[in-house]
Every structure is written in C-alpha cells, then in structure tokens.
Amino acid sequence: MVTSRKIATASAGIIGALFLAGTVYADEPRILKELSPDGGSACFGRVYDASHLKAHPHQKVARIFFYHGRDPVSRPSEDPYNGVGSAGYNGFMATTVRGAPKPEWVGGWCNASEEGGDKSSIHCGMECDRTMAELSLDATGRLKVDAFDRDIYLDIGAEDELGRVEYEQQALGTDDNGFLLERRPVADCEAEFARIDPVNPALGDPLRVRLKPDQPFCFGRDYSAEHLASHPDQLTQAIRVFRSKTELASFAAKGTISDWPNGADLVVAITSRKGAAKATQTYSCQGEADQWRCAAITAANGASCDLSEKEIYLRRGAGGTMMLANPNESLPLTDLCQASGETKSDDRVFRLEAMPQSACAQ
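Worth saying up front: this structure is predicted, and the values here are computed from it rather than measured.

What follows is about the overall build of the chain. Of regular secondary structure, the chain possesses seven helices and 16 strands. Residues counted as buried form 45% of the 362 residues belonging to the chain. Relative to all contacts within the chain whose residues are 6 or more apart in sequence, the contacts with residues 24 or more apart total 59%. About 17,400 Å² of surface is accessible on the chain, with carbon and sulfur atoms providing 51% of the total.

Have a look at this one:
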C-alpha cells in the first residue's frame with residue numbers, strides 16, 4: 001500500500017502495515033492555471049450513490065477526491081511542519097472503496113502536457129516513474145480522471161507477488177477509471193483527506209509536544225511473573241526507553257528546535273528473562289505522520305553492518321502512555337548485525353508507562 005508507516009493494532013495486537021517513507025519538505029507547490037485560474041488551491045470530487053454503484057458492479061471506488069495545492073495529508077502531529085507541501089507534490093488523490101472506513105491516497109507532481117500542443121491535458125506522475133492519472137477538464141469544468149491504474153495503491157509487481165485471487169481483492173475494480181469529478185470548495189477536500197488519519201483526542205498531545213527537546217524522559221515497564229507465564233515467547237522481562245544528559249547534549253549539538261523530533265537520540269534498555277541479561281541500544285529518530293521512526297545507530301561490540309532497517313516506532317498511547325513497536329528484530333535482545341527479518345518472538349509491541357528518570361539510570 002502507498003500509505004504511511006504505522007504501529008497498527010491488528011487482531012493479535014501486534015504490528016500491522018508499515019507505510020510511506022519519511023516526509024520530505026520542499027518549495028511551494030506549483031499551481032496550474034488550468035486547474036486553478038485564481039492561483040489558489042483547487043478541489044474536485046464525487047460521491048457515488050447506491051444506484052450508480054449497483055449499475056457498475058465492477059467499480060469499487062465509492063468516493064474520489066482530487067486536491068491541487070499544498071499537502072492536505074501531513075499534519076503537525078509528529079512531523080515537523082513548515083507549512084509547505086511534501087516532496088513538492090501538487091496533486092493528491094483520495095479514494096474510498098465500497099465498505100472501507102477511510103480513504104487511501106497518493107500524491108504526485110502534476111504538469112500541463114506539451115505533447116501535441118494540447119495544454120488542456122495534465123499528467124500527474126508519481127515516484128518510480130509511475131502515473132497517478134491523466135487529467136483534463138470538460139466543457140462544463142468537470143475534471144476527468146483517466147489512466148488510473150488498478151494497482152495504484154500496490155507495490156510494483158504486486159500482481160505476480162500476490163497471485164490472481166489476492167490481487168483482485170486488493171486492486172481497484174476493472175471499472176475504476178474515467179471518473180468525472182465536480183469542482184468543490186477546498187474545505188470539502190480538506191475534510192476528505194482528514195479522514196485518512198483522524199486525530200484521536202483521547203490520546204492527548206503528540207509525543208513531539210509532550211516530550212521536550214531539552215528535557216530528559218523515561219518510559220518503561222517491568223513485567224510480572226504472571227504476565228511472562230502467559231507469554232512464554234516474550235523475551236523481555238523489563239524495558240526502558242529514555243533520553244538522558246548524553247542524548248540531550250547530542251541534540252543540542254546537532255539538532256534544530258524547529259525540526260524536533262528529527263535528530264533526537266534515545267536509548268532502549270532491555271533486561272532479558274534469560275539469565276536477567278541486560279543490553280542497550282541507541283536510536284536516532286525522525287517524526288513521521290503520527291509516530292517517531294527510530295533507526296539503530298552504532299551496533300554493539302563494534303560490529304559493522306547496515307542498520308538502516310533496524311528500526312523501532314514510537315506512538316503516543318492513551319492515558320499518557322507510549323507505544324513502542326519492534327517489527328524487524330531491532331531491539332537489543334540479540335546482536336543486531338546477526339538478526340534479520342521480522343521479529344519472531346512476542347516482543348513486538350510494548351505499552352510503556354512514564355517513570356521517574358532514576359528508573360532509567362544506567
């Protein structure tokens with residue numbers, strides 16, 4: 001899926017889908033006069049009624065919106081936000097298939113086509129040389145969306161990797177193309193894209209607000225004998241996630257307050273139930289959507305390996321807690337340079353409580 005990386009609450013309570021690589025900010029998006037004569041943002045959309053969908057059984061898309069302007073998806077949660085679009089994108093498409101609770105979306109670069117001198121045609125490209133859509137306006141000002149691929153939300157080569165049955169379930173329908181969208185108020189698109197990642201007031205302030213760049217913190221959990229007995233595949237007996245004077249000094253030397261939490265270092269300390277062995281690992285974090293994505297730095301024992309995929313993810317939890325996800329064997333339970341692939345033990349998601357700094361003293 002072309003979406004953002006997240007800690008997910010799957011049926012087993014473990015990590016689910018991980019999506020959208022880190023957010024990159026660029027200059028003001030280019031506004032096309034073909035879509036927006038007044039130079040402002042533009043919105044087009046359509047919500048199909050039951051009779052239309054009944055008459056088009058091979059159309060999965062029930063709602064579709066196209067937004068031209070600044071990034072309507074990223075919000076100032078964990079992402080540092082400087083008020084401009086992500087990666088220079090100026091076109092964003094959101095579609096909701098029948099029965100889905102919220103939209104999927106893609107973003108790209110839209111430019112008037114120069115082929116054949118027809119400047120009314122607009123090509124919207126995506127990363128990896130993919131096409132998001134071919135756009136044009138009809139005589140009444142409606143936006144026609146063509147070349148909308150069935151696998152726009154899937155990885156390249158998904159049909160071969162997934163197999164025919166699974167591909168048909170995940171891909172869009174064979175009649176999902178040639179949409180005609182009405183011009184709408186910009187607020188309609190903003191509301192539609194807000195459905196993608198709705199704010200949960202029960203979780204309170206985001207981590208980047210709760211945790212200050214110049215203040216230490218300590219979160220952790222000590223698991224009881226009863227918990228460990230009911231989770232025989234969990235190796236973690238105690239866990240701490242913290243920033244101390246060392247990490248504060250590191251950010252003060254190389255970080256920028258406006259970019260917080262980008263560049264924030266933190267430490268994860270683990271006590272294993274196997275002989276009460278202890279291990280620590282330092283991570284460097286980046287804000288990404290509504291979580292922190294933290295990559296391991298400096299492997300233990302001076303080992304040399306690529307640590308770019310040795311990542312953990314932090315999100316705020318209810319009641320002032322912090323959620324830590326470990327999908328790829330990146331906790332210091334083993335030598336990170338020897339570990340590979342998904343975490344095999346029951347050490348994937350942890351709910352951590354705030355603790356006094358003394359609980360994280362090494």
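This brings us to the pattern of salt bridges. Enumeration according to the criterion identifies 14 salt bridges in this entry. Residue Arg240 pairs with Asp222 through a salt bridge whose shortest N-O separation is 3.1 Å. Taken as a pair, Arg240 in strand 10 (residues 236–243) and Asp222 in strand 9 (residues 217–222) lie far apart in primary sequence, 18 residues in all. Note on Asp222: relative accessible area 48%, which makes it partly exposed.

In this model, the chain carries a mean pLDDT of 85, and residues with pLDDT of at least 70 account for 86%. Taken as a whole, residues 1–26 scores under 50 in pLDDT and shows 79 contacts with residues more than four places along the chain or in a different chain.

Next up on the list: the sheet that holds strand 8 (residues 179–184). Ordered by their spatial adjacency, eight strands build a closed barrel running 1-2-3-4-5-6-7-8, and the pairing between neighbours is antiparallel. Across the sheet, the mean angle from the axis of one strand to that of its neighbour is 30 degrees, orientation sign disregarded. Here strand 2 (residues 61–68) pairs with strand 3 (residues 91–97) via seven bridges, running antiparallel. Bridge assignment links Phe66 to a residue of strand 3, and that residue is Met93. Relative to strand 2, helix 4 (residues 186–194) is tilted by about 120 degrees, and along the sheet it contacts strand 1 (42–47), strand 2, strand 3, strand 4 (104–112) and strand 8.

Moving on, we come to unusual backbone geometry. Of note, the bond from Trp260 into Pro261 is cis; its omega dihedral lies within 30 degrees of zero at 10 degrees. Within the secondary structure, Pro261 sits in the loop between helix 7 (245–254) and strand 11 (264–272). If you check the backbone angles, Asp129 has positive phi at about 60 degrees while not being a glycine. By secondary structure assignment, the location of Asp129 is in the loop between strand 5 (122–125) and strand 6 (131–137). Unusually for a residue other than glycine, Ala147 sits at a positive phi of about 55 degrees. With respect to the helices, strands and loops of the structure, Ala147 is situated in the loop between strand 7 (143–146) and helix 2 (158–162). Take Ala147: its relative accessible area is 32%, and that puts it in the partly exposed class.

Moving on, we come to the sheet that holds strand 13 (residues 291–297). Taken in spatial order, the eight strands line up as 9-10-11-12-13-14-15-16 and close into a barrel, and their pairing is antiparallel. Averaged over all pairs of adjacent strands, the angle between strand axes in this sheet comes to 30 degrees, irrespective of strand direction. In the sheet, strand 15 (residues 322–325) pairs with strand 16 (residues 349–354) via four bridges, with the strands oriented antiparallel. In the sheet register, Ala325 faces strand 16, and the bridge partner there is Val349. Of the strands in this sheet, strand 10 and strand 11 touch helix 7, which is tilted by about 155 degrees from strand 11.

Right, let's get into the pairing of strand 8. Strand direction decides the pairing type here: strand 1 and strand 8, joined by three bridges, are antiparallel. Bridge pairing in strand 8 places Cys43 opposite Arg184. As judged from the three bridges shared by strand 7 and strand 8, these two strands associate in the antiparallel manner. In the sheet register, Leu143 faces strand 8, and the bridge partner there is Leu181.

Turning our eyes to something else, we now look at the pairing of strand 3. The buried fraction of strand 3 amounts to six of the seven residues, a majority that puts the element mostly inside the structure. Strand direction decides the pairing type here: strand 3 and strand 4, joined by five bridges, are antiparallel. When the sheet's bridge partners are listed, Ala94 is paired in strand 4 with Trp105. Between the end of strand 3 and the start of strand 4, which pair antiparallel, lie six residues, with Gly99 showing a positive phi angle near 80 degrees.

Within the structure shown, the criterion is met by ten aromatic pairs. With 6.0 Å between their ring centres and 80 degrees between their planes, Phe148 and Phe179 make a pair best called edge-to-face. Of the two residues, Phe148 sits in the loop between strand 7 and helix 2 while Phe179 sits in strand 8, which places them 31 residues apart along the sequence. The class for Phe179 is buried, based on a relative accessible area of 1%.

Now for the nonpolar core. In terms of nonpolar packing, the biggest core is built from 28 residues, with Leu266, Val268, Trp292 and Leu324 touching the most fellow members. Listed by contribution, the elements that provide at least two residues to this core are strand 9, strand 10, strand 11, strand 12 (278–288), strand 13, strand 14 (311–316), strand 15 and strand 16. Of all the elements, strand 11 adds the most residues to this core, at four residues. In this structure, Met93, Cys110, Ile122 and Leu181 belong to the second largest nonpolar core, which totals 27 residues.

The next subject is the state of the cysteines. Tallied over the full model, the rule gives four disulfides. Here Cys110 engages in a disulfide with Cys124; their sulfurs sit 2.0 Å apart. Across the disulfide from Cys110 to Cys124, rotation about the S-S bond amounts to roughly 110 degrees, and the bridge is consequently right-handed. Note that Cys110 is positioned in strand 4 and Cys124 in strand 5, a separation of 14 residues in sequence. For the pair shown, Cys110 and Cys124 are each scored as buried. Two residues share a disulfide in this structure: Cys218 and Cys360, whose sulfurs sit 1.9 Å from each other.

What counts and how
Residues numbered from 1 in each chain as written. Predicted model: local features only at pLDDT ≥ 70, side-chain atom pairs only at ≥ 80, totals over all residues. Heavy atoms only, no water. Helix = DSSP H or I, 4+ residues; strand = E, 2+ residues; numbered from the N terminus. Buried < 20%, exposed > 50% of the residue type's maximum accessible area, 1.4 Å probe, protein only. Contact = heavy atoms within 4.5 Å. Areas by Shrake-Rupley, 256 points an atom, 1.4 Å probe, with all protein chains shown as cover. Salt bridge = Lys/Arg side-chain N within 4 Å of Asp/Glu carboxyl O. pLDDT = per-residue confidence, 0-100. Pairing = 2+ DSSP bridges. Axes fitted to C-alpha atoms, helices over the stretch in contact; angles between N-to-C directions. Phe/Tyr/Trp six-rings, centres within 6.5 Å; stacked < 30°, edge-to-face > 60°. Core = buried A, V, L, I, M, F, W, Y, C linked by side-chain atoms within 4.5 Å. Disulfide = S-S within 2.5 Å.

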